[in-house]
Every structure is written in structure tokens, then in C-alpha cells.
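# Close look at the chain arrangement
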Amino acid sequence: MLHTPVLLDAVLNHISEMPDEGWFVDGTFGRGGHTRAILAAKPKWNVLALDVDAEAIEHGTREFSTEVSNGRLRFAHAEFSDVVTWVRSLPEGATIVGVLLDLGVSSPQLDEARRGFSFYHDGPLDMRMNPEVGRPAADIVNSWSEKELNDLFHFMGEVRSPFRVSRKIVETRRERKFTTTRELSDLIASIEGWRKKGHHPATNFFMALRIQVNNELDRLTAALPKVVEQLQPGGRFFVITFHSLEDRIVKNAFREFVANDLGRLVNKKVIQATWTEAKENPRARSAKLRIFEKEFQGDEI
Ligand SMILES: C[S@@+](CC[C@H](N)C(=O)[O-])C[C@H]1O[C@@H](n2cnc3c(N)ncnc32)[C@H](O)[C@@H]1O
């Protein structure tokens, strides 16, 4: 499935009033939906695109070969928390006008069974965005205690009562280890049933595992101050989240930046998808966009 960029109009609206020249960092390139639109909207901007997923970078390098060869786009197979290193690799004098983090997984990652994110397509129970780093989801499912699994599903997955699923996992793995996504999603479906229409009962359990496997909350927390440090005065930092814990991390960090006189919130209220966007793109329903603008300091004005 093609990846439809979320809250694209809102991002474009907020870049239209920004300076005409500079480097923009797309820290979560994915399939390049946001990058493509940003390059078109700002003909004098260059983009530095990062993604931990080597397949996203390979796909982008092929798909955007013109922009790469004319120097408007640079790729790095990298973590956005390593943004400082990659900004340093830009040509001398490059200034960072803006940064976007559009968190979570892309549609191609979800659709590709062998990546192990999907409860619809059977594949190895993996879920690593960078399969070279960390341990697959199966390790957690096969080794964490019932209480640890419960806490994970409850706090990260926001499942109100995951007890029966956690218990069943522990019972089942005494007989055989979990190796595939379907083994786990079938177990969850057999216990939870299909309560909400169109919402697979394993959705939140899988999301919790994915966030844990990729250490997503810690990486986000670590990245936020580094990004602000890299922005030029007046530069804007856009973050799109899909999970309330992520949104809380961003909201609190932005408030702290404001309290420390580092800048201002561009919108007092979080930006969410319009009714039409949410109808056309179900991923957009839980998306929240926050924008921080770095302050001009003293003699820089
Ligand atoms: C929701 S998709 C981005 C979609 C993109 N904006 C588009 O329009 O095509 C998120 C992407 O971020 C990447 N990603 C997730 N965590 C990351 C991290 N810590 N550092 C770099 N990339 C990350 C994922 O591999 C995935 O490709």
C-alpha cells in the first residue's frame, strides 16, 4: 500500500511563511511523502532525509534520484537522535530552517510480512525498524514475565485489561515458543474478540511491542533537545505523533523549551486531521501535530 503523508496540508501551511533558503531535516523519511511536497513547496530548500530503515533509504535513493543528483536531497541511514552528526556533515554554512519527525511506522513497513509488524500478514515476530539493531519482538513475548507483559500492554499499549492475554502467552509458551505474528495475533483475537469494527484486537498489543522493541519513547526524548539545538533562530520543529505517551513527551518538552526562553509554540492547541482527511486516511485519525519555533536571540534579531 502507498503511504499517504499525514497532516501534510497543516505542515505545508506552516512552512509557507518560513524563509526561502536553507536545509530542512526530514528525520523520518519513510516513503518521502512529506519530503516530496516540501521540496516542491520550497524550491530553494534542500532536504536532509534520515531513516533507521535501510529499505526506506534505498527506496528513496531510487525514487528521488533527480533530487539527489541535483543536490537538493541527501540521505542518511540514521537515527533521528543522531541528528547532530548528520547536520555536521552538511556543507559549511548550511543552516537548519526546520525539522520534521513523523513518528511510528510507514504503510510499506506494515504491509511487508517479513518485517513482522503485521497482524494481518503472517511473518516472523520481529518489528525492528532497523533489523541490524536490538532484539526482535519474539524475545519479549517468549521471555518477559506475566507482570512485565501486562505492564507493557497496559502502559504502552493502553489496553485496559490485558491480564488474560498475558497469562495465555505465558501458558502457551511453556509448550512452544512464539515465532510468528499470526501465532500471537490469533491468540489475542481468540481472547479479546472483535469488539471495535475495523480495529483488529491485536492493534494495541502490537503497538506496545513495537514501541518497546524500537525503544521509541527514549529515542524521542533524547532527540528533542538535540533538534532544537540544531535549528537556526526562527527555525521550526514539527512533530507528528500517533500515541498519547509520545504526544505527552513532545508537549512537555516543548513547554520546557518555552519556559527556558528557547522559543514559542506556533499553535497553542495541538493540530489534528480534518474530518475529510480522517475519513480518507484512517492513520490520520490519531495523529497530532505540534510545532515549536526557535526564538531569535539578542543580537541575532
Ligand atoms: C510514519 S513513517 C514516515 C512517513 C513519511 N513522513 C512519509 O510521508 O512517507 C515513519 C518512518 O520513520 C522511521 N523511523 C522511526 N523511528 C525512527 C528513528 N528513531 N530514527 C529515524 N527514523 C525512524 C520509520 O522507519 C519509518 O520509515
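Residues numbered from 1 in each chain as written. Predicted model: local features only at pLDDT ≥ 70, side-chain atom pairs only at ≥ 80, totals over all residues.

## Observations regarding the packing of helix α12 (residues 216-230) against helix α13 (residues 244-259)
Selection criterion: Every axis corresponds to a line fitted to the C-alpha atoms, with the helix fit spanning only the stretch in contact, and the corresponding angles, defined between N-to-C directions, vary from 0 to 180 degrees. Every helix listed is a DSSP run of H or I at least four residues long, and every strand listed is a run of E at least two residues long, numbered separately from the N terminus. Relative orientations are named as follows: roughly parallel for angles under 35 degrees, roughly antiparallel for angles over 145 degrees, roughly perpendicular for angles from 65 to 115 degrees, and oblique for any other angle. Crossings are assigned a handedness: left-handed for a near helix turned anticlockwise from the far helix by less than a right angle, right-handed for a clockwise turn. By the convention adopted here, residues are in contact when the distance between their C-beta atoms, placed from the backbone, does not exceed 7 Å.
Running from N to C, α12 and α13 point in directions that differ by 25 degrees, and their axes come no closer than 10 Å. Taken together, the axes of α12 and α13 lie roughly parallel to each other. When you trace α12 past α13, the crossing you get is right-handed. Contacts between α12 and α13 involve Leu 217, Leu 220, Thr 221, Leu 224 and Val 228 from the first element and Leu 245, Glu 246, Ile 249, Val 250, Ala 253 and Phe 257 from the second.

## Some words on the domain arrangement of the protein
Interfaces are frequently sized by the accessible area removed from exposure as the parts join. Note the following rule: Domains are outlined according to an automatic or database domain assignment.
Per the domain assignment, the segments of the protein are domain 1 (8-107 + 216-300) and domain 2 (130-213). For domain 1 and domain 2, the distance between their C-alpha centroids amounts to 31 Å. The interface is formed by seven residues belonging to domain 1 together with five residues belonging to domain 2. Taken together, the elements giving at least two residues each to the side of domain 1 that touches domain 2 come down to α12 and α13.

## Examining the site of the ligand
What counts, and what does not: Each residue receives a C-beta atom built from its backbone; the residue is near a molecule or strand if that atom lies within 6 Å of it.
Around the ligand, a shell composed of 22 residues is seen, among which Pro 5, Thr 28, Gly 30, Gly 33 and Asp 53 lie nearest. Counting only elements with at least two residues in the shell around the ligand, the list comes to α2 (33-41) and β2 (45-51).

## Notes on the packing of helix α9 (residues 163-175) against helix α10 (residues 181-192)
The geometry of a pair of packed helices is captured by two quantities: the angle between their axes and the separation between those axes. Across the interface, α9 lies against α10 with an axial gap of 10 Å and an inter-helix angle of 135 degrees. In terms of orientation, α9 and α10 fall into the oblique class. The crossing of α9 and α10 is right-handed. Together, Arg 164, Val 165, Lys 168, Ile 169 and Thr 172 of α9 and Leu 187, Ile 188, Ile 191 and Glu 192 of α10 make up the contact between the two elements.

## So, the nonpolar core
We apply this condition: Any nonpolar core is a set of buried residues, restricted to Ala, Val, Leu, Ile, Met, Phe, Trp, Tyr and Cys, that join up through C-beta atoms within 7 Å. Buried, partly exposed and exposed are defined by the number of other C-beta atoms within 10 Å of a residue's own C-beta, namely 20 or more, between the two limits, and 12 or fewer respectively, with C-beta atoms placed from the backbone.
Within the largest apolar cluster, 47 residues are counted, with the highest numbers of intra-cluster contacts made by Leu 7, Val 25, Val 99, Phe 237, Phe 238 and Ile 240. Contacts of Val 99, omitting those with residues within four sequence positions, involve Val 25, Gly 27, Val 227, Leu 231 and Phe 237. Grouped together as the second largest cluster of nonpolar side chains are 26 residues, Val 141, Phe 153, Ile 188 and Ala 208 included.

## Details of helix α11 (residues 203-213)
In terms of burial, α11 is a largely internal element, ten of the eleven residues being buried. Of all the positions in α11, only Asn 204, Phe 205, Phe 206, Met 207, Ala 208, Leu 209, Arg 210, Ile 211, Gln 212 and Val 213 are classed as buried. Each element contacted by the buried residues of α11 is listed here: α7 (137-143), α8 (146-156), α9, α10 and α12. Directly after α11, the chain includes Asn 215, whose backbone phi takes a positive value near 50 degrees.

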